[in-house]
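Now for the letters of each chain:
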Amino acid sequence: MPQYPYQLFVKTTEGGYQNAHGHIIPGTDSWINVSACRDETENGTKHDLNDGSFYDYSSIIYTPKNCPKLNNGDTIEVRNGAEVRLKGTVKLFSEGLFNCRIWA
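This one's a predicted model, so the numbers in the text were calculated from it and none came from an experiment.

Details of the packing of aromatic side chains
Consideration 1: This structure, assessed with the given rule, holds zero aromatic pairs.
Consideration 2: Over the ring of Y62 we find R38, and its NZ or CZ is 4.4 Å from the ring centre.
Consideration 3: One residue, R79, lies across the ring of F9, its end atom 3.9 Å from the ring centre.

Here's what the structure looks like:
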């Protein structure tokens, strides 16, 4: 089995604007494949930070070191072909020595 058997997708929205009458015209959503990955499901785990705050997450996603940085709040999916294994939002992105971790 490969180290990163799945694909990580990020949802992007493009083209929203406000027309001459002041009406908001929504943009279109699309999914972009950003990296190979693997995921581990947790059961509502909390990650405590040094400043006393914490992140409540249900999964950790591991990617190769060359994964682009994701922002907190980005909507993501982990896919195995057409099957969506995980859908969530980025709680924390961390770049380690050998890989990147995404808490979702």
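Next comes the rest of the write-up.
Some points on the state of the cysteines
Consideration 1: Inspection of every chain in the model, using the stated rule, returns zero disulfides.
Consideration 2: Unpaired in this structure, C37 has its nearest cysteine sulfur neighbour in C67, at a distance of 8.5 Å.
Consideration 3: Since its relative accessible area comes to 0%, C37 is described here as buried.
Consideration 4: Sulfur of C100: no disulfide; nearest cysteine sulfur belongs to C67 and is 5.4 Å away.
Consideration 5: A relative accessible area of 0% means that C100 is categorised as buried.

Concerning the pairing of strand β8 (residues 92–95)
Consideration 1: Across four bridges, the pairing between β8 and strand β9 (residues 99–103) is antiparallel. Within β9, the residue paired with E95 across the bridge is C100.
Consideration 2: The loop that links β8 with its antiparallel partner β9 comprises three residues.

Some thoughts on the nonpolar core
Consideration 1: By size, the foremost hydrophobic cluster in this structure holds 15 residues, and its most contacted members are L8, I61, L70, I76, V78 and I102.
Consideration 2: Of all the secondary structure elements, the ones that give two or more residues to this core are β1 (6–14), β6 (75–80) and β9.
Consideration 3: When residues of this core are assigned to their parent elements, the largest contribution, three residues, is made by β1.
Consideration 4: Once residues within four sequence positions are removed from consideration, V78 is found in contact with Y6, Q7, L8, C37, D39, I61, E83, V84, R85 and L86.
Consideration 5: Residues Y4, Y57, I60 and L92 belong to the second largest nonpolar core, which totals six residues.

Structural notes on the side chain of R79
Consideration 1: Along the chain, the position of R79 falls in strand β6.
Consideration 2: For R79, the side chain forms a polar contact with the side chain of E77, separated by 2.8 Å.
Consideration 3: In this structure R79 touches Y6, Q7, F9, W31, V84 and R85, once residues within four positions along its chain are discounted.

Reading the values: the criteria
- Residues numbered from 1 in each chain as written.
- Predicted model: local features only at pLDDT ≥ 70, side-chain atom pairs only at ≥ 80, totals over all residues.
- Heavy atoms only, no water.
- Phe/Tyr/Trp six-rings, centres within 6.5 Å; stacked < 30°, edge-to-face > 60°.
- Lys NZ or Arg CZ within 6 Å of the ring centre and 35° of its normal.
- Disulfide = S-S within 2.5 Å.
- Buried < 20%, exposed > 50% of the residue type's maximum accessible area, 1.4 Å probe, protein only.
- Pairing = 2+ DSSP bridges.
- Helix = DSSP H or I, 4+ residues; strand = E, 2+ residues; numbered from the N terminus.
- Core = buried A, V, L, I, M, F, W, Y, C linked by side-chain atoms within 4.5 Å.
- Contact = heavy atoms within 4.5 Å.
- Polar contact = N/O pair within 3.5 Å; in protein donor to acceptor, adjacent residues only side chain to side chain.

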